[in-house]
Amino acid sequence: MLKIGQYNHLVVEKRVDFGLYLETEEESILLPQKYVSEDVNIGDKLEVFVYTDSEDRPVATTLEPNGILGDFVFLKAKDLAPFGTFMDWGLEKDLLVPKSEQQDRMVPGKKYLTKICFDEQTGRVFGTTKIAMHCDKNIETLKVGQKVDLLIHSFTKIGITAVINNRYYGM
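Description of the structure in this document. (Residues numbered from 1 in each chain as written. Predicted model: local features only at pLDDT ≥ 70, side-chain atom pairs only at ≥ 80, totals over all residues. Heavy atoms only, no water.)

## Topic: the sheet that holds strand 13 (residues 168-170)
Spatial ordering of the open sheet is given by 11-12-13, a layout of three strands whose pairing is antiparallel. Looking at which strands have only one partner, the edges of the open sheet turn out to be strand 11 (150-155) and strand 13. Adjacent strand axes in the sheet meet at a mean angle of 20 degrees when their direction is disregarded. Relative to strand 13, strand 12 (residues 160-164) runs antiparallel, the two sharing three bridges. Bridge pairing in strand 13 links A162 to G170. (Pairing = 2+ DSSP bridges. Helix = DSSP H or I, 4+ residues; strand = E, 2+ residues; numbered from the N terminus. Axes fitted to C-alpha atoms, helices over the stretch in contact; angles between N-to-C directions.)

Structural data, given as structure tokens:
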């Protein structure tokens, strides 16, 4: 099954002037020519990142995004629009953080901790800066004294907030 917002291993189905079509269970998706190396042949299996283009069609790329679905990453705000902010995701298409998913008003050029999410209804990847809302509340797997990975979110008067193990939110 095709995983939007993630890496996929797909087989080259056919070559066309503008790229390669890669085989999926649902449909073939395009890997544009600019991402195709000369030594690729029909039948080869490629690791590609899949996202949707501006017309919501799945498209493949060999570019590495700054994060994949489920990741918490610092992304730079690029452009503001009435409906949200476009973040530099490391791909040709920027990642949208809708206004409804913004913790605070965003400023172009500033970096924000962003979680990369998937909207099941629209089939689109989006970002959110409402970090606490998108973290796991069930902390039963954490134990006192356990070593954890921290991603510092912010400094407050009472302490430092962080994402713990790319899953929980805490101070």
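After that view, the rundown keeps rolling.
## Focus: the pairing of strand 2 (residues 19-23)
Where strand 1 (residues 6-16) meets strand 2, five bridges bridge the pair, whose relative direction is antiparallel. Across the sheet, residue V12 finds its bridge partner in strand 2, namely L22. Counting the residues that bridge the hairpin from strand 1 to strand 2 gives two residues. Here strand 2 runs beside strand 3 (residues 29-32); their pairing, made up of four bridges, is antiparallel. Looking at the pairing, Y21 lines up with L30 of strand 3. The hairpin formed by strand 2 and strand 3 contains five residues between the paired strands.

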